[in-house]
Amino acid sequence: MLDLNILFPSLLNGITTGAVYALIALGLTLIYGVLHIINFAHGAALMVALYGVYMLKEKLGVDPYLALPIMVPAMFVLGYALQRGVINRASHGKDENILLVTLGVSIVLENLALLFFKSDTRTIDTAYTLTTVEIGPAFIALPKLVAFGGALVVSAVMLLIVQKTDLGRAIRAVSKEKQGARLMGIDVDHVYAMCFGLGLASLGAAACFLMPAYYVNPQVGNGFVLVAFTIVVLGGMGSFAGALLGGLLIGVVESLGGLLLGESLGQVGIFVIFIVVLLLRPQGFFGAKA
C-alpha cells in the first residue's frame, strides 16, 4: 500500500478532484463572506447546472467544455434572479428566514428535477471520456486533468474579480460594513445578488468540468455540498485561499483514505481532519478569530 507507484496516482487523483471541490466551495464561501448566510440551495444549484450540461450535450450536441460560455452566464442569471426575486423578497431581511428560504429552494429544485428527469442516473459519452494521460508512474483520466486546470483558472478569475474590480471593492465593502457601504452610495441589494450570481456561476463552470467523467441525478448535489461545507469551514469562512487549500486537502485525504480503507470508508478521513481542525483552530486555516 505504501509503494510509490500506488501512492502517487492516488495523490494525483486526489489533487485533481480537490480542485473541483474547491471551485464548488468557492461559490459557497463567496456567498457566506458577503451575505453571511449558509446557502442550503448550493447543492441543488449544482445539480441544475449538471442537468444543463447534460441537456446541451444530449439535445444539441454541445461538448461539455464548449458549454462553458453558455452555462456560466446562465447560472449567473439564475443566481441573480433567485436572490433578488425569491430569497431577498421572502426573507424580509432576517438571516433565519434566508436559511429557510434557501432550504425551500433546494427542495423545490430537487423535486422539479424528479418530475422532469425521474430518479434515473444519467451520464454522457465523449470522445475523450476514457482517454488517459501518463504523468510519471501514473495514468490519469484526461477529463480530470482538464477539470484541475479549469478549476484553477476559474478560481483565479474569481479572485481577480474580487480583488481588482469595482464590483470586487463593493463586495469587500459590503462584507465588512453593510450600513457604511450603503451610506457611501453602494447598492447593497445589487451586490448581494451579484455575489449570489457569481457563486452559482462557479457551479456552472464546475458542472462543465465534472460532467465528462461524472453523472447526474436529482440528489447528486447533496454529496458535493456536504464536502463543500466542510471545505469552507476548514479554510475559514469567507476565505478564498482557505477554500482552495481546503479543497485540495480534502481531495487528497479522500483519495488516500479510499486507497487505505476502501472506497466505502474513504470519506472518514475528511471528517477526522474536520474535527481536528475545529479543535485546534476553530476559525479554520485562514479565518480570523471572532
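Analysis parameters
- Going along each chain's sequence as written, the residues are numbered from 1 onward.
- In view of the model being predicted, local features appear only for residues whose pLDDT reaches at least 70, and side-chain atom pairs are presented and counted only at 80 or more, with totals across whole chains, interfaces and linings using the full set of residues.
- Computation of side-chain values: all heavy atoms of the structure, hydrogens and water removed.
- Numbering of helices and strands runs from the N terminus, with a helix taken as a DSSP run of H or I at least four residues long and a strand as a DSSP run of E at least two residues long.
- Computation of the radius of gyration draws on C-alpha atoms, with the globule rule given as 2.2 Å multiplied by the number of residues to the power 0.38.
- Burial here depends on accessible area, computed with a 1.4 Å probe over protein chains only, as a share of the maximum for the residue type. Under 20% is buried, over 50% is exposed, and the range in between is partly exposed.
- Note on contacts: a residue pair qualifies if any of its non-hydrogen atoms lie within 4.5 Å across the two residues.
- Exposure was quantified through the Shrake-Rupley algorithm and a 1.4 Å probe, taking into account, for residues, occlusion by the shown protein chains and nothing else.
- One side-chain nitrogen of Lys or Arg within 4 Å of one carboxyl oxygen of Asp or Glu is enough to make a salt bridge.
- Note on aromatic contacts: the rings of Phe and Tyr and the six-membered ring of Trp form a pair at centre separations within 6.5 Å, being stacked when their planes are under 30 degrees apart, edge-to-face when over 60 apart, and tilted otherwise.
- Strands are treated as partners if at least two bridges between them are detected by DSSP.
- Comment: axis = line fitted to C-alpha atoms, over the contacting stretch for helices; angle = value between 0 and 180 degrees taken between N-to-C directions.
- Any angle that is under 35 degrees is reported as roughly parallel, and any over 145 degrees as roughly antiparallel; angles of 65 to 115 degrees are reported as roughly perpendicular and all others as oblique.
- Crossing chirality is assigned from the near helix's rotation relative to the far helix, an anticlockwise turn below a right angle marking it left-handed and a clockwise turn marking it right-handed.
- Residue polarity is assigned by list, with Asp, Glu, Lys and Arg as charged and Ala, Val, Leu, Ile, Met, Phe, Trp, Tyr, Cys and Pro as nonpolar; anything else, Gly included, falls into the polar class.
- Think of a patch as exposed residues, more than 30% relative accessible area, with no salt bridge, where like charges cluster within 9 Å and nonpolar side chains (Val, Leu, Ile, Met, Phe, Trp, Tyr) cluster within 5 Å.
- On a range of 0 to 100, pLDDT expresses the predictor's confidence in each residue.

Asker: Sorry if this is basic, but what is going on with the overall build of the chain here?
Answerer: A tally of helices and strands in the chain yields 11 helices and two strands. When its helices and strands are written in sequence order, the chain yields α-α-α-α-β-β-α-α-α-α-α-α-α. A compact globule built from 290 residues should have a C-alpha radius of gyration of about 19 Å, and the chain, at 19 Å, falls within 12% of that. Considering only C-alpha atoms, the chain reaches an extent of 60 × 50 × 35 Å along its principal axes. A burial count over the chain gives 47% of its 290 residues as buried. Across the chain, the fraction of contacts at a sequence separation of at least 24, relative to all contacts at a separation of at least 6, is 77%. Total accessible area on the chain stands at roughly 13,700 Å², and carbon and sulfur atoms take up 68% of it.

Asker: What should I look at first to understand the pattern of salt bridges in this one?
Answerer: This structure, assessed with the given rule, holds one salt bridge. Between Arg169 and Asp166 there is a salt bridge whose closest N-O contact spans 2.6 Å. Taken together, the residues span about one helical turn, with Arg169 and Asp166 both in helix α6 (residues 166-176) at a distance of three residues.

Asker: Looking at this structure, how should I read unusual backbone geometry?
Answerer: Trans is the common state for peptide bonds, and a negative phi is the common state for residues other than glycine. Look at Lys118: it is not a glycine, yet its phi comes out positive at around 60°. Position of Lys118 among the secondary structure elements: in the loop between α4 (95-117) and β1 (132-135).

Asker: How should I be thinking about the packing of aromatic side chains in this particular structure?
Answerer: Each aromatic ring pair is characterised by the separation of its centres together with the angle its planes make. In total, this model carries seven aromatic pairs according to the counting rule given. Both rings, one in Tyr51 and one in Phe117, keep their centres 4.0 Å apart while their planes meet at 15°; by these two values the pair is stacked. You can see Tyr51 sitting in helix α2 (residues 42-60) and its partner Phe117 sitting in helix α4, a full 66 residues away along the chain. The class for Tyr51 is buried, based on a relative accessible area of 3%. An aromatic cluster of three or more residues is present, and its members are Tyr21, Tyr214, Tyr215 and Phe224.

Asker: Any chance you could explain the pairing of strand β2 (residues 138-141) here in plain terms?
Answerer: Consecutive side chains of a regular strand alternate in pointing toward one face of the sheet and then the other. Across the two faces of β2 the burial differs, with Ala138 and Ile140 buried and Phe139 and Ala141 not buried at all. Pairing of β1 with β2 involves four bridges; the strand directions are antiparallel. For Ile135, the partnering residue across the bridge sits in β2 and is Ala138.

Asker: What exactly am I supposed to notice about the packing of helix α9 (residues 220-235) against helix α10 (residues 240-261) here?
Answerer: When two helices pack together, their arrangement is given by the angle between the helix axes and by the axis-to-axis distance. Orientation of α9 relative to α10, taken along the N-to-C sense of each, is 125°, at an axis distance of 8 Å. Between α9 and α10, the crossing angle belongs to the class labelled oblique. Of the two possible hands of crossing, α9 and α10 adopt the one that is right-handed. Contacts between α9 and α10 involve Val227, Thr230, Ile231, Leu234 and Gly235 from the first element and Gly242, Ala243, Gly246, Gly247 and Ile250 from the second. For the contact of α9 with α10, the per-class residue count stands at five nonpolar, five polar and no charged.

Asker: Is there a simple way to think about the packing of α10 against helix α11 (residues 268-280) in this case?
Answerer: Orientation of α10 relative to α11, taken along the N-to-C sense of each, is 135°, at an axis distance of 7 Å. On the basis of their axis angle, the class for α10 and α11 is oblique. Mapping the contact onto sequence places Leu249, Ile250, Val253 and Glu254 in α10 and Gly269, Ile270 and Ile273 in α11. Taken together, the residues of the contact of α10 with α11 break down into five nonpolar, one polar and one charged.

Asker: I'm lost on the environment of Ala67 in this one. Help?
Answerer: Its place among the elements puts Ala67 in the loop between α2 and α3 (68-91). In this structure, the C-alpha to C-alpha distance between Ala67 and Phe209, residues 142 residues apart in sequence, is 9.8 Å. Discounting residues that sit within four places of it in the chain, Ala67 has contacts with Leu56, Val62 and Cys208.

Asker: Mind showing me how you'd approach a nonpolar patch on the surface here?
Answerer: A cluster of nonpolar side chains, Leu260, Leu261, Val268, Val272, Ile275, Val276, Leu279 and Leu280, forms an exposed patch at the surface whose accessible area comes to about 790 Å². Put simply, the parts of the chain that give the nonpolar patch at least two residues each are α10 and α11. Counting residues per element, the nonpolar patch draws most heavily on α11, at six residues. In this structure, Leu279 sits in helix α11. Using a relative accessible area of 66% as the deciding quantity, one classes Leu279 as exposed.

Asker: Help me understand the confidence of the model for the chain, please; the structure alone is not making it clear to me.
Answerer: In regions of low pLDDT, the predicted coordinates are not meant to be interpreted in detail. In this model, the chain carries an average pLDDT of 86, and 95% of its residues clear a pLDDT of 70 or more. Taking the mean pLDDT of every element in the chain, the minimum, 80, falls on α11 and the maximum, 95, on α2.

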